[in-house]
Amino acid sequence: MIDNLPSLRTFVRVVAAGSLSAAAREMDMSLAMVSKRLTQLERELGIRLLQRTTRKQVLTEEGVLFHAEAVRILEAIEQAEAVILGRSQAIDGTVRLSAPVEFGRQWIVPAIAAFQKKHPKVFVQLTLSDVVVDLLDANIDLAIRFGNLADSSLIARPLAPNFRVLCASPAYLKRFGVPNHPNELIHHQCILIGNHARAVWTFDGEEHLAVQIIGTFLTNDGSAAHTLALEGAGIARKSIWDVGDEIANGRLKRVLPAFAIPAAPLNAIYPTGRHLAPRVRALVEFLGDRLSNAWRWESMREADVKA
């Protein structure tokens, strides 16, 4: 039976920090004490939680399951303590936030800077990545993502409107011509984001269209795809948040505006069943207000509908 809360907290911190030594530094404890607590916890459970070498640590299968439950238990304890201490509305502590690279740099970084000025006791740990990570495995409190939610273990809260467009530079379109139908994309240079050189681009309308795209350029970074489009390398599929202002000023041109691309909502994502700490809830509300106020491309979307 587990009755050692410090050992439980130490285990969760070790997983978050990535190593025993890093956890020891964060907790201002000796490495020997951290190791002792972890060993004691494994002994009480009768299972191995971490496979440890001199270079790295990896959660065992049982460790993954136990970690998810340990995080949930500690959050429940934190909330109970906050209620008892009359701190249920205290906005302080750490928020671990994940966001796409380009959207994060352009919109989330300024937003969290403003949020921190308003709530100076909140520490935001921001990870920018175009890779969709498992929130529990990565110990992420909140993720900002584009697209519909496929994982039923997560909750999506809409933050602001969004739609996607195809775009290219005027120089590219002058050189290669302007496509008039999605099927013509197979004759164009296309910029793909991800890990696969082939993709299917779909379009809504009176007829549902799906076009097999073979990328001329492939990148795992949305910012790189944006730059490639600006440099005349090809046609990119991007969120209006990333390219809307450059379409407005003419640096990029819409491609196939009469063919709408399926929606990719802009959401705040967090695990279901997890109580949102006041600091996380406050950040979600702050981001929603700030992004809604920044939205300025409705006329472009209305043009799609009219077309």
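Here the structure is a predicted model, which means the values were calculated and not measured.

Some words on the overall build of the protein chain
Logical step 1: Along the protein chain, the regular secondary structure elements total ten helices and 14 strands.
Logical step 2: Buried positions account for 42% of the 307 residues belonging to the protein chain.
Logical step 3: Within the protein chain, residue pairs in contact and separated by at least 24 positions form 74% of the contacts whose partners lie at least 6 positions apart.
Logical step 4: For the protein chain, the accessible surface area stands at approximately 16300 Å², while carbon and sulfur atoms represent 52% of it.
Logical step 5: The positive charge centre, built from 35 side chains, and the negative charge centre, built from 32, are 5 Å apart in the protein chain.

What to know about the domain arrangement of the protein chain
Logical step 1: The assigned domain composition of the protein chain is domain 1 (5-85), domain 2 (93-160 + 265-297) and domain 3 (164-255).
Logical step 2: Taking the mean C-alpha position of each, domain 1 and domain 3 sit 46 Å from one another.

Brief notes about the sheet that holds strand 14 (residues 266-271)
Logical step 1: On the basis of which strands lie adjacent, the open sheet formed by five strands has the order 4-3-5-14-6 and mixed pairing. Of all the strands in the sheet, just strand 4 (122-128) and strand 6 (154-160) have a single pairing partner and so form its edges. Geometrically, the sheet is characterised by an average inter-axis angle of 25 degrees between neighbouring strands, direction not taken into account.
Logical step 2: Bridging between strand 3 (residues 93-99) and strand 5 (residues 142-146) involves two bridges; their strand directions are parallel. For L97, the partnering residue across the bridge sits in strand 5 and is L142.
Logical step 3: Lying on the sheet, helix 9 (residues 278-294) is in contact with strand 3, strand 4, strand 5, strand 6 and strand 14; it crosses strand 6 at an angle near 35 degrees.

A few points about the packing of helix 1 (residues 5-17) against helix 2 (residues 20-27)
Logical step 1: As a packed pair, helix 1 and helix 2 sit with axes 8 Å apart at the nearest point and diverge in direction by 115 degrees. Relative to helix 2, the element helix 1 lies roughly perpendicular. As helix 1 runs across helix 2, the sense of the crossing is right-handed. Only L20, A22, A23, E26 and M27 of helix 2 make contact with helix 1, whose side of the interface consists of T10, R13, V14 and A17.

Considering the packing of helix 2 against helix 3 (residues 31-45)
Logical step 1: Contact geometry for helix 2 and helix 3: axes closest at 9 Å, N-to-C directions at 110 degrees. Comparing their axes, helix 3 and helix 2 come out roughly perpendicular. The handedness of the crossing between helix 2 and helix 3 is right-handed. Contacts between helix 2 and helix 3 pair L20, S21, A24 and M27 from the former with L31, V34, S35, R37 and L38 from the latter.
Logical step 2: In terms of residue class, the contact of helix 2 with helix 3 is made up of six nonpolar, two polar and one charged.

Considerations on the pattern of salt bridges
Logical step 1: Counted according to the given criterion, the structure contains seven salt bridges.
Logical step 2: Between E42 and R48 there is a salt bridge, with the nearest N and O atoms lying 3.7 Å from each other.
Logical step 3: Relative accessible area serves as the criterion here: at 8%, E42 is assigned to the buried category.
Logical step 4: In this structure, R251 and E246 form a salt bridge, with 3.4 Å as the shortest nitrogen-oxygen distance.
Logical step 5: Here the salt bridges share partners, and the residues they tie into one network are E102, K238 and D242.

What counts as what
- Residues numbered from 1 in each chain as written.
- Predicted model: local features only at pLDDT ≥ 70, side-chain atom pairs only at ≥ 80, totals over all residues.
- Heavy atoms only, no water.
- Helix = DSSP H or I, 4+ residues; strand = E, 2+ residues; numbered from the N terminus.
- Buried < 20%, exposed > 50% of the residue type's maximum accessible area, 1.4 Å probe, protein only.
- Contact = heavy atoms within 4.5 Å.
- Areas by Shrake-Rupley, 256 points an atom, 1.4 Å probe, with all protein chains shown as cover.
- Lys, Arg positive; Asp, Glu negative; His and termini not counted.
- Charge placed at Lys NZ, Arg CZ, Asp CG, Glu CD.
- Domains from an automatic or database assignment.
- Pairing = 2+ DSSP bridges.
- Axes fitted to C-alpha atoms, helices over the stretch in contact; angles between N-to-C directions.
- Parallel < 35°, antiparallel > 145°, perpendicular 65-115°, else oblique.
- Left-handed = near helix turned anticlockwise from the far one by under 90°.
- Nonpolar A, V, L, I, M, F, W, Y, C, P; charged D, E, K, R; others polar.
- Salt bridge = Lys/Arg side-chain N within 4 Å of Asp/Glu carboxyl O.

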